[in-house]
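What the coordinates show
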Amino acid sequence: MNIALDDLSRWPDIEGPDLVAVDAADRLLLDESAGARAALADGSLVVIDDAYGALTLGSAAAGMRGIRVHQDALSGERALTANALRAGLDTTFTSHERDADLVRDARVILLRLPRALRALDDIAGLIAAYAHPDVVVYAGGRIKHMTPAMNDVLRGRFARVDVTHARQKSRVLIARGPHDGADPRPEAATVDGLEVRAFGGVFAGASIDIGTRLLLAHLPEPADGAIDFACGTGVVAAAWATRHPSVRVVATDRSAVAVASARATAEANGVADRVEVFRDDLLSSRPDASASLIALNPPFHTAGAITEGIAPRMFADAARVLRPGGELWTVWNSALQYRPALERQVGPTRQVARDRKFTVTASTRR
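About the criteria used
- Residues numbered from 1 in each chain as written.
- Predicted model: local features only at pLDDT ≥ 70, side-chain atom pairs only at ≥ 80, totals over all residues.
- Heavy atoms only, no water.
- Axes fitted to C-alpha atoms, helices over the stretch in contact; angles between N-to-C directions.
- Helix = DSSP H or I, 4+ residues; strand = E, 2+ residues; numbered from the N terminus.
- Parallel < 35°, antiparallel > 145°, perpendicular 65-115°, else oblique.
- Left-handed = near helix turned anticlockwise from the far one by under 90°.
- Contact = heavy atoms within 4.5 Å.
- Nonpolar A, V, L, I, M, F, W, Y, C, P; charged D, E, K, R; others polar.
- Salt bridge = Lys/Arg side-chain N within 4 Å of Asp/Glu carboxyl O.
- Buried < 20%, exposed > 50% of the residue type's maximum accessible area, 1.4 Å probe, protein only.

1. A short note on the packing of helix H5 (residues 117-130) against helix H6 (residues 148-155)
For the pair H5 and H6, interaxial distance at closest approach is 9 Å and the crossing angle is 25°. In terms of axis orientation, H5 runs roughly parallel to H6. In this structure, the crossing between H5 and H6 has a hand that is right-handed. Of H6, the residues touching H5 (which contributes Leu 117, Leu 120, Asp 121 and Ala 124) are Ala 149, Met 150, Val 153 and Leu 154. Of the residues belonging to the contact of H5 with H6, the class tally is seven nonpolar, no polar and one charged.

This is the structure:
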């Protein structure tokens, strides 16, 4: 069966000229790994962080079955499912957590390189610990997002790392001979009295970014629970739960690494029994008019591209979930001027705090 990679659809919650369903790095990864994949038995191929399904479906179209896939972003997972259904390849793969079962005894692994070196080391350590000793890892990306330090990270887990020729501003690193494998462990730090836990790749790592610090300094007291929307490491949820021992908090993020980090942060602060962490696309699993308080530090980049298209969608979904009179507390880079969008999509918005870079606002649901 043939599939035209150019026909893969862009997932609708992401916008921007640099965000495409398949790029030159995907094509190069498929070309460089073609010979190795052709010799594989079913169930021996693993694909990690396939943005919209090009690597998985390109391999499936070439005959691979039993492909194990992990995508950090839930939106990517859903895009792969949608594209697979369109192509008639929905039974060729299974989605997995980023754990030992994902890579156990794998012979070939296709990996889109993460930007964060700690994220790459977490993945490389997991592969080295559980994949077959003869595993070959094809790790590719756009050259503008790659650094020589990525080679060094892989050399810390593999005996040999080769670098392909560049093509269309993309390159692939090929790693063989796994050693010194290890399960990913979160980085740990105590910041402003909070225990922060962060797996590689989560925003701000085991620290608290300055925008979230400003938000934490002004967090209101929840009357009957609250939602930490796009929670990252979950420090807002943990702060609410530690400051108000009777309150239950929901934390959500579309990133699997963020969800794992937020759960670890809640556990480290002794509030895991009152902080529920969910992987969600926006707040899609939350009912309409079901919350009275939401906190949000909206991201303004995705898949390596800067875009202001994400935050308004988040504001709109927060408005859906808030009860009339409920409040969305948002911290944002002042240069982004989000207040008109908050006024329009949520309701009357007041400034709570502002420093030289960030603004905290409270928007009341109409």
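2. Observations regarding the pattern of salt bridges
Counting across every chain of the model gives 19 salt bridges. In this structure, Asp 122 engages Arg 98 in a salt bridge whose closest nitrogen and oxygen atoms are separated by 3.8 Å. A residue pair is termed long-range when its members are at least 10 positions apart, and Asp 122 in helix H5 and Arg 98 in the loop between strand S3 (93-95) and helix H4 (100-103) qualify at 24 residues. Using a relative accessible area of 7% as the deciding quantity, one classes Asp 122 as buried. For the salt bridge of Arg 320 with Asp 317, the shortest nitrogen-to-oxygen distance reads 2.8 Å. Here Arg 320 pairs with Asp 317, and both are found in helix H10 (residues 310-321), just three residues apart, close to one helical turn. Via salt bridges that share partners, Asp 23, Asp 26 and Arg 112 belong to a single interconnected network.

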